[in-house]
Amino acid sequence: MTNATDQHHLGSTTHWWETAVVYQVYVRSFADANGDGIGDLAGITSRLPYLADLGVDALWLTPCFPSPQHDHGYDVADYFDIEPAYGDLAIFDTMVSRAREHGIRILMDVVPNHCSWDHEWFKAALAAAPGSPERERFYFRDGRGADGSEPPNNWQAVFGGPAWHRVVDADGTPGQWYLQTFTPQQPDWNWGCADVVDYFDRMITFWFDRGVDGFRVDAVAVLGKAPGLPDAPPVPDDVRPTDRALRNPHTHFRPEGHDVWRRWRKLVDGYSAEHPGREVFTIAEAYTPRQPEVLLQFQNHEEFHQVFAFDFMLAPWNVHDLRESIDATVRALSPEGLVPAWTLNNHDAQRAVTRYGRADAHDPASWTGNNLVYTDAPIDLDLGARRARAIAMILLALPGSAYLYQGEELGLPEVLDIPAEARQDPIFFRTNGAEIGRDGCRVPLPWTTAEDGAHGFSPIGSAAPWMPQPSAWGQYAADAQDGVDGSMLELYRRAISVRRRHGDLRGGALRWIAVEHPTLLAFERGEITVLLNVGSDPVELSGIVDGTTRVVVASDPETSSASVLPPDTAIWLARTDPT
Ligand code: NOJ
Ligand code: CA
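Numbers given to residues run from 1 along each chain, matching the order in which its sequence is written. Both sets of labels track the order of writing: A upward for chains, 1 upward for ligands. Only residues with pLDDT of at least 70 get local features here, since the model is predicted, and only at 80 or more are side-chain atom pairs given and counted; chain-wide, interface and lining totals rely on the full set of residues. Processing note: side-chain calculations cover all non-hydrogen atoms of the structure and skip hydrogens and water entirely.

**Thoughts on the overall build of the protein chain**
- The helix and strand tally for the protein chain stands at 18 helices and 19 strands.
- When its C-alpha atoms are laid out on the principal axes, the protein chain stretches across 80 × 55 × 55 Å.
- Residue contacts follow a heavy-atom distance rule, with two residues in contact if any of their heavy atoms lie within 4.5 Å. Within the protein chain, counting contacts between residues at least 6 apart in sequence, those at least 24 apart form 70% of the total.
- Carbon and sulfur atoms make up 51% of the accessible area of the protein chain, which amounts to about 20,800 Å² in all.
- We score Asp and Glu as negative and Lys and Arg as positive, and we do not count His or the chain ends. Charge positions are represented by NZ for Lys, CZ for Arg, CG for Asp and CD for Glu. Both charge centroids of the protein chain, one from 47 positive and one from 81 negative side chains, sit 3 Å from each other. Numbering of helices and strands runs from the N terminus, with a helix taken as a DSSP run of H or I at least four residues long and a strand as a DSSP run of E at least two residues long. Here the accessible surface of atoms and residues is derived via Shrake-Rupley with a 1.4 Å probe, and residues count as covered only by protein chains that are part of the display.

Written out as structure tokens, the structure is:
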């Protein structure tokens, strides 16, 4: 291979998580073992062989702590226990040890910005007087105006409406207000309070001691508030509800949050140092759109080990933006010896099959709105599936770790037509339906083509699933794809297995190949050449690859030679077949 341009190296790849394939389990929707229509830990345990076959190194479980589920677990009532609908600590321990037998590690999800209004400390704060130590753990303030009936400032909540909620005192009269960056059911913790700091230190250690190997850390960009809680500058009326709060400089990317992350890094690395054989780590959720310098403020050697490289997930379907989303991230991180964490899907984003199937998928103007990308463009799901297959092969060929979201390996589309009465996402309700929210990527998985037990999500004869499945869901079922050449599931299995076995795909540098072609993305990882054609015409490869290379994996099952790359297709090429 010639014409190599820039070369990006990984840092020393000595930590398991730096090259891991991690599978995100949305616990509620993965597998239901006891037949109540809600996913649970026993269900996860029963499906470990499937996950081992897929070849993943770790599972990230969305919050499975006791919770009234107003934001499906991102409202935590007790950080030291398991949600009863999902199981208990004994079942959790069994799951962790069974997973380990399959070579799979477990990551949990920690929510430090806010808890649930059912948390004991919040209930104690409501029962206590203004100015009490109990209220000091949160942000309680008097309202403005003569009777205190106006919120303490003009901040907006991320999920719509004001960021303050007024309490009713024991005698029935209106009292103080408390800060809630997301919903009233999720009061913000005050990290200036030593009790809160200590509580989370204990929590992290508690789960590490149970065998958890890391945490995904929720919403780190909003933890930390400007002293004095001043009013935010006005935001133009046409900004979408869920973007309004993110424009508030007094609650977003605040320096105060970084004190917490530095403390945690010492705690986490200290744990690994004190426990030979364990390597625990943290990965943060922070959307830093096209600002690699902000990404670096969170991912560095003093704070988080990794931060999701969301620019890749949010890149439009064109070579310029895709390449830039990869290149800017790698360029920022690799000189520091830091390793990216790539992803294409999660429980907050429209599923890739639908996203890339939109008629305007190539247009940057249509990729607005952080992770909640919805447009009115017509959607071609066959095209979207074809592109999702191709981009998955880019994801799995990039230097760093790859985070999958349950169901992407089945090619699930976003379910867009969930009836209003079945919707559960607070975003839908708090924006009065102006934003349909995230229920469509959280529909329970189809395991069997047969309809019984919600396509195998639950045992036969069980209660209906907590969220209805669409009528044609069986076509995506795992059993319909298992062993079927050309299925999405077999493509993921094959690509992950090649990645596992091929050292170049784990540790090798990324070298862009200089090609002057408007629809071709081309790079090398060691001896593997990775090509993606995002255009609607085939690309002739003569002059780009030499004749001795062979197709190792192709997103289009018909593509077996390295002479022409069909539209919306990716291939991995090598001189030797790593299998
Ligand atoms: C980000 C999580 O991914 C999302 O699901 C949740 O609603 C918010 N943070 C609030 O915790
Ligand atoms: Ca269940």
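From this point on, the discussion continues.
**Considerations on the site of ligand 1**
- Nearness is judged by heavy atoms alone; a residue qualifies as near a molecule or strand once a single heavy atom is within 4 Å of it. If you check the shell around ligand 1, you find D71, Y74, H114, F159, F182, R216, D218, E285, H347, D348, R438 and R442 and nothing else.
- Between an oxygen atom of ligand 1 and a side-chain N or O atom of R216, the distance comes to 2.9 Å.
- At a separation of 2.7 Å, an oxygen atom of ligand 1 approaches a polar side-chain atom of D218.
- Burial of ligand 1 by the protein chains amounts to 97% of its free accessible area of 290 Å².
- Each residue belonging to the shell around ligand 1 can be placed in one class, and the counts come to three nonpolar, two polar and seven charged. In protein, a polar contact means a hydrogen-donor-capable atom and an acceptor-capable atom, both N or O and within 3.5 Å, with residues adjacent in sequence counting only if both atoms are side-chain atoms; elsewhere, any N or O pair within 3.5 Å suffices. Any residue outside Ala, Val, Leu, Ile, Met, Phe, Trp, Tyr, Cys, Pro, Asp, Glu, Lys and Arg is labelled polar, Gly included; the first ten of those are nonpolar and the last four are charged.

**Comments concerning the domain arrangement of the protein chain**
- Parsing the protein chain into structural domains produces domain 1 (13-113 + 193-481) and domain 2 (120-179).
- In this entry, domain limits derive from an automatic or database-based domain assignment. Here the C-alpha centre of domain 2 lies 30 Å away from the C-alpha centre of domain 1.
- With 23 residues of domain 1 at the contact, the number on the domain 2 side is 17 residues.
- Two parts lose some accessible area (1.4 Å probe) when they are put together, and adding that loss for both gives the buried area. Carbon and sulfur atoms supply 62% of the area buried between domain 1 and domain 2, which totals about 1,700 Å² over both sides.
- It is L229, D231 and R430 in domain 1 that bury the most area against domain 2; as a group they hold 30% of the surface buried on that side.
- Should a side-chain nitrogen of Lys or Arg be within 4 Å of a carboxyl oxygen of Asp or Glu, the pair is scored as a salt bridge. The tally of links between domain 1 and domain 2 comes to two salt bridges.

**A few points about helix α6 (residues 194-209)**
- Relative to the 22 Å expected for 16 residues at 1.5 Å per residue, α6 spans 23 Å between its end C-alpha atoms, a close match to the ideal helical length.
- The rule is simple: take the accessible area with a 1.4 Å probe, protein chains only, and divide by the maximum for that residue type; under 20% is buried, over 50% is exposed, in between is partly exposed. Of all the residues in α6, the buried ones are V196, V197, Y199, F200, D201, M203, I204, W207 and F208.
- Looking at the buried side of α6, the elements it contacts are α3 (89-101), β4 (105-110), α4 (120-127), β8 (214-217) and α8 (255-274).
- Just past α6, the residue G211 takes up positive phi, approximately 105 degrees. Here the expected span of a helix is defined as 1.5 Å times the quantity of residues minus one.

**Quick look at the coordination of the calcium ion (ligand 2)**
- Metal-coordinating donors are taken as N, O and S atoms lying within 2.8 Å of the metal, or within 3.2 Å when the metal is Na, K or Ca; because water is left out, some sites can appear incomplete. The coordination sphere of the calcium ion (ligand 2), as far as protein atoms go, consists of D32 (OD), N34 (OD1), D36 (OD), I38 (O) and D40 (OD), spread over 2.3 to 2.4 Å.
- The sequence motif formed by the donor residues of the calcium ion (ligand 2) is D-x1-N-x1-D-x1-I-x1-D.

**Some words on the packing of aromatic side chains**
- Pairing of aromatic side chains here covers Phe, Tyr and the six-membered ring of Trp, requires ring centres within 6.5 Å, and sorts the geometry by plane angle: under 30 degrees stacked, over 60 edge-to-face, intermediate tilted. Scanning all chains against the criterion turns up 42 aromatic pairs.
- Between W17 and F281, the aromatic rings sit 5.1 Å apart at their centres with planes inclined by 5 degrees, giving stacked as the arrangement. Residue W17 is located in the loop between β1 (4-8) and β2 (21-25), and its partner F281 is located in strand β9 (residues 281-284); the two are separated by 264 residues in the primary sequence.
- Among the residues examined, W17 registers a relative accessible area of 7% and is labelled buried.

**Some words on empty space enclosed by the protein**
- In this analysis the probe radius is 1.4 Å and the grid spacing 1 Å, with only protein atoms considered; a cavity is a set of points the probe fits into but cannot get out of, a pocket is an open set with protein on both sides within 12 Å along at least five of seven lines, and lining residues have an atom within 4 Å of a point. Grid points are joined across faces, edges and corners, and a volume is the space filled by probe spheres set on the points. Summed over all chains, the structure comprises five cavities of 30 Å³ or more.
- Considered as a void within the structure, the largest cavity measures approximately 80 Å³ in volume.
- Lining of the largest cavity is provided by 13 residues; of these, T288, L295, A309, F310 and D311 occupy positions nearest its centre.
- Of all elements in the fold, only α9 (292-298), α10 (310-313) and α11 (319-333) reach the threshold of two or more residues within the lining of the largest cavity.
- Counted by class, the lining of the largest cavity contains ten nonpolar, two polar and one charged residues.
- Counted as a void, the second largest cavity has a volume near 60 Å³.

**Quick notes on the sheet that holds β9**
- For two strands to count as paired, DSSP must find a minimum of two bridges between them. The parallel open sheet is built from eight strands, whose spatial order is β10-β9-β8-β4-β3-β2-β12-β11. For this open sheet the edge positions go to β10 (306-307) and β11 (341-343), each flanked by a neighbour on one side alone.
- Orientation is described by lines fitted to C-alpha atoms, with helices fitted over the stretch in contact, and by angles between N-to-C directions that extend from 0 to 180 degrees. Lying on the sheet, α3 is in contact with β3 (58-61) and β4; it crosses β4 at an angle near 135 degrees.
- Against the sheet, α6 engages β4 and β8, with an angle of about 135 degrees to β8.

**Re the confidence of the model for the protein chain**
- Confidence of the predictor in every single residue is expressed as pLDDT, which spans 0 to 100. Here the protein chain averages 94 in pLDDT, and 96% of its residues register 70 or above.
- Here β1 stands out as the element of the protein chain with the lowest mean pLDDT, 42, in contrast to β2, whose mean of 99 is the highest.
- Predicted confidence for residues 1-12 stays below pLDDT 50, and this span has 43 contacts to residues more than four positions away or in other chains.

**Quick notes on the layout of surface pockets**
- In this structure, the second largest pocket encloses a volume near 360 Å³.
- A385, R389, L410, Y476 and M488 are, among the 18 residues lining the second largest pocket, the residues nearest its centre.
- Examining the composition of the lining of the second largest pocket, we find that five residues originate from one element, helix α13 (residues 381-395), more than from any other.
- In terms of residue class, the lining of the second largest pocket is built from seven nonpolar, six polar and five charged.

**Here we look at the pairing of β9**
- Alternating positions in β9 separate into two faces, F281 and I283 on one and T282 and A284 on the other, with burial throughout.
- Summarising the sheet, β9 and β10 pair through two bridges and their orientation is parallel. Within β10, the residue paired with A284 across the bridge is V307.
- Between the parallel elements β9 and β10, the chain passes through α9 in a crossover that is right-handed. We call a crossover right-handed when, viewed with both strands directed away from the observer, the connection leading from the first strand over the helix to the second proceeds clockwise.

**Quick word on the pairing of strand β12 (residues 401-405)**
- Among the five residues of β12, five are classified as buried, and the element is accordingly described as predominantly covered.
- Residue alternation in β12 divides its side chains into two sets, S401, Y403 and Y405 and A402 and L404, and both sets are buried.
- The pairing of β2 with β12 spans four bridges and is parallel. If you follow Q24 over to β12, its bridge partner there is Y405.
- Both β11 and β12 contribute to a ladder of three bridges, which runs parallel. Considered in β12, the bridge of W342 is made with A402.

**Considering unusual backbone geometry**
- At Q69, a position not held by glycine, the phi torsion is positive, near 65 degrees.
- Here Q69 is to be found in the loop between β3 and α3.
- Taking relative accessible area as the criterion, Q69 reaches 14% and is therefore assigned buried.
- With a phi close to 50 degrees, D568 is a non-glycine residue in the positive phi region.
- For D568, the location among the structural elements is in the loop between β18 (564-565) and β19 (569-574).

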